[in-house]
Amino acid sequence: MHVAMIGTGYVGLVSGACFSEFGANVVCVDKDEKKIEMLENGVMPIYEPGLDDLVENNVKGGRLTFTTDLASAVKDASAVFIAVGTPTRRGDGHADLSYVYAAAKEIAENMNGYTVVITKSTVPVGTGDEVERIIRETRPDAEFDVVSNPEFLREGSAIADFMHPDRVVLGTASERAQKVMKDLYRPLSLIETPILFTSRTSSELIKYAGNTFLATKITFINEIADLCEKVGADVHHVAKGIGLDGRIGKKFLHAGPGYGGSCFPKDTLALVHTARDNGAPLRIVEAVVDINDKRKKSMANRIINACGGSVIDKTVAVLGVTFKPNTDDMRDAPSLDIIPALIDSGASVRAFDPEGMDEAKDMLPGVDWCEDAYSTMQDADVLVIITEWNAFRGLDLERVKGLLKQPLMVDLRNIYEPSEMAAQGFVYHCIGRQEV
Ligand code: UDX
């Protein structure tokens, strides 16, 4: 089957490469010539573990190509995915769908024969209807169906999430489109992946409701962590204790500085607006958005308090700036709130991140970027862990003590054990556990 993937970002590039791994002939399209040139030279425009090998193997196999020419890609395709960005619209929090609608029109102008147009991007409820209207208006003669097929990929494990999803959700009422989608996802059917066929509207809402529920679950444990600090409980034990209940589940119960990324912040906001616009406000989600924003901003105060109430003329060593490990993505990362607040409070900030520094340099002016974890902490007054990269989980604590002016650590991801840190002579601050 010939597939066109419009958009080669985190979702489009991974999805296109994975569909070619499934045996489809995939053409990935992007307007960004530089990005396409990089891809044609085997250079990945994003950091995603395993993506370079996956792309290389399928380019070599003749199943994956890249182009800026949408027309030629669509003309030959029986399935065309829209995987362009749907950022938060400046100022009002709605999803900006201009790229989706522009792609829909261009696809309509170049479709040839029956074509299934699939919205892979995260799009508000009702977007599929608008895409269908645009295509119908542009090409009254065309034979096509519009299907919603949301992605559930986590950055840093996107390929594994695509190849072994909990489920595939397909929103369409057309049996003809269902057949095309079943063919495309056949390799997953062979491993008995649940494929849920539903309406386009329900499919669009599943995506938002899923992400929003996960963001709510994280915010819940973050607030429980604050309560743990007040009553002397341990949030790791509370999370484990509730997570053993099959109705709750143990995932996404890691307390931290607040969620970031390209999805949770924008999807929660977009769903809040959709709900308000439709007269069914989601007050729990509105609280989640507010709590999370405030939490990220409050983390700097934890660090300032750990330093005795002031960081004026102090040096703060920061390990990790990306919104999560195993990605270079800085979108809505907690570091974007924490580091400027520290600098505004008079601190000098040195930082290191295994993958995110290129992306972060323009977003975090005034930071002294370092070569590695240990050089970052040389003569610093406090060591702060913002992102839980594996590289930071096994630091040589004796060496750390020798490099810092004082053995003071603020661990916003709880990757160390309070008792161990006490035994090593650290003053150790963390989230929702008994500090030492
Ligand atoms: C998320 C969804 O998981 C994925 O299904 C969807 O397709 C896209 O959005 P992603 O944003 O890549 O994926 O990362 P995820 O691993 O979900 O983490 C999101 C944020 O929540 C990160 O900032 C992470 O640090 C935070 N988080 C996650 C926690 O603070 N605690 C947790 O227990 C889990």
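Residues numbered from 1 in each chain as written. Predicted model: local features only at pLDDT ≥ 70, side-chain atom pairs only at ≥ 80, totals over all residues. Heavy atoms only, no water.

## Re the site of the ligand
- In the vicinity of the ligand lie 18 residues, with L153, E155, K207, G260 and K324 positioned nearest.
- With respect to the ligand, the backbone of H254 contributes an N or O atom lying 2.9 Å from a nitrogen atom.
- Within the contact set of the ligand, an oxygen atom lies 2.9 Å away from a side-chain nitrogen or oxygen of K324.
- In the complex, 93% of the free accessible area of the ligand, which totals 660 Å², lies under the protein chains.
- Sorting elements by how many residues they give to the shell around the ligand places helix α10 (residues 200–231) first, with three residues.
- For the shell around the ligand, the residue count by class is nine nonpolar, three polar and six charged. (Near = heavy atom within 4 Å. Polar contact = N/O pair within 3.5 Å; in protein donor to acceptor, adjacent residues only side chain to side chain. Areas by Shrake-Rupley, 256 points an atom, 1.4 Å probe, with all protein chains shown as cover. Helix = DSSP H or I, 4+ residues; strand = E, 2+ residues; numbered from the N terminus. Nonpolar A, V, L, I, M, F, W, Y, C, P; charged D, E, K, R; others polar.)

## Brief notes about a negative patch on the surface
- Together, D32, E33, E37 and E40 make up a negatively charged patch on the protein surface.
- Within the secondary structure, E40 sits in helix α2 (residues 33–40).
- Overall, the relative accessible area of 53% leaves E40 in the exposed class. (Patch = residues over 30% accessible without salt bridge, like charges linked within 9 Å, V, L, I, M, F, W, Y side chains within 5 Å. Salt bridge = Lys/Arg side-chain N within 4 Å of Asp/Glu carboxyl O. Lys, Arg positive; Asp, Glu negative; His and termini not counted. Charge placed at Lys NZ, Arg CZ, Asp CG, Glu CD. Buried < 20%, exposed > 50% of the residue type's maximum accessible area, 1.4 Å probe, protein only.)

## Some thoughts on empty space enclosed by the protein
- Under the definition given, this model contains two cavities of 30 Å³ or more.
- Of the voids in this model, the largest cavity is the one considered here, and its volume is about 110 Å³.
- Residue lining of the largest cavity: 14 residues in total, with K120, P165, R167, V168 and Y185 positioned closest to the centre.
- For the lining of the largest cavity, the secondary-structure elements that each account for two or more residues are α7 (158–163) and β7 (168–171).
- Here the residues of the lining of the largest cavity sort into nine nonpolar, one polar and four charged. (1 Å grid on protein atoms, 1.4 Å probe; cavity = no way out; pocket = protein on both sides within 12 Å on 5 of 7 lines; lining within 4 Å. Points joined across faces, edges and corners; volume = space filled by probe spheres on them.)

## So, unusual backbone geometry
- Of note in this structure, E192 is not a glycine but carries a positive phi near 60°.
- The residue E192 is located in the loop between α9 (186–190) and β8 (195–198) in this model.
- The exposed category is assigned to E192, whose relative accessible area is 71%.
- One non-glycine residue, D332, adopts positive backbone phi at about 55°.
- Note that D332 resides in the loop between β9 (315–319) and α14 (335–344).
- Its relative accessible area of 40% is what places D332 among the partly exposed residues.

## Quick notes on the domain arrangement of the protein chain
- Annotation of the protein chain at the domain level lists domain 1 (2–198), domain 2 (208–289) and domain 3 (296–429).
- Centre-to-centre, using C-alpha coordinates, domain 1 lies 38 Å away from domain 3.
- Taken together, the contact pairs seven residues of domain 1 with eight residues of domain 3.
- Of the roughly 650 Å² buried between domain 1 and domain 3 on both sides combined, carbon and sulfur atoms contribute 42%.
- Area buried by domain 1 at its contact with domain 3 is led by Y10, Y47 and E155, which between them contribute 83% of it. (Domains from an automatic or database assignment. Contact = heavy atoms within 4.5 Å. Buried area = accessible area lost by both parts, 1.4 Å probe.)

## Focus on the packing of helix α13 (residues 283–306) against α14
- Here α13 crosses α14 at 45°, and the two axes come no closer than 7 Å. In terms of orientation, α13 and α14 fall into the oblique class. Here α13 and α14 pass one another in a crossing that is right-handed. In this structure, α13 contributes K296, K297, M299, A300, I303 and I304 to the contact, and α14 contributes D337, I338, A341 and L342.
- Looking at the contact of α13 with α14, its residues break down into seven nonpolar, no polar and three charged. (Axes fitted to C-alpha atoms, helices over the stretch in contact; angles between N-to-C directions. Parallel < 35°, antiparallel > 145°, perpendicular 65-115°, else oblique. Left-handed = near helix turned anticlockwise from the far one by under 90°.)

## Quick word on helix α12 (residues 264–277)
- Counted at 1.5 Å a residue, the expected span for α12 with its 14 residues is 20 Å, and the 20 Å between its end C-alpha atoms agrees.
- Among the 14 residues in α12, eleven count as buried, and that is most of the element.
- Residues of α12 that are buried include every one of F264, P265, K266, D267, T268, A270, L271, V272, H273, T274 and A275, and no others.
- Positioned one or two residues after α12, G279 has a phi angle of 70°, which is positive. (Expected span 1.5 Å × (residues − 1).)

## Focus: helix α11 (residues 235–243)
- Looking only at α11, the buried set comprises V235, A239 and G243. Looking down the long axis of α11, one finds its buried residues gathered within 65° of arc, a one-sided arrangement. Away from its buried face, by an angle of more than 90 degrees, α11 presents the exposed residues H237 and K240.
- The opening residue of α11, the one whose side-chain oxygen lies 2.7 Å from the backbone nitrogen of H236, is D234. (Arc of directions from axis to C-beta.)

## Side note on the pattern of salt bridges
- Here the structure, examined in full by the defined rule, presents 32 salt bridges.
- For E56, the salt bridge identified is with K60, shortest N-O distance 2.9 Å. With E56 and K60 both in helix α3 (residues 51–60), this residue pair falls four residues apart, about one helical turn.
- Residue classification places E56 among the partly exposed residues on the basis of a relative accessible area of 39%.
- A residue is classified by how much of its surface remains accessible, and K60, at 65% relative accessible area, is exposed.
- Where K179 meets D183, a salt bridge forms, and the shortest distance between an N and an O atom there is 3.1 Å. With K179 and D183 both in helix α8 (residues 175–184) and four residues apart, this pair spans about one turn of that helix.
- Taking relative accessible area as the criterion, D183 reaches 29% and is therefore assigned partly exposed.

## Let's talk about the side chain of T315
- Mapped onto the fold, T315 is located in strand β9.
- Among the residues examined, T315 registers a relative accessible area of 16% and is labelled buried.
- Discounting chain neighbours no more than four positions away, the residues touching T315 are S348, R350, D379, A380, D381 and V382.

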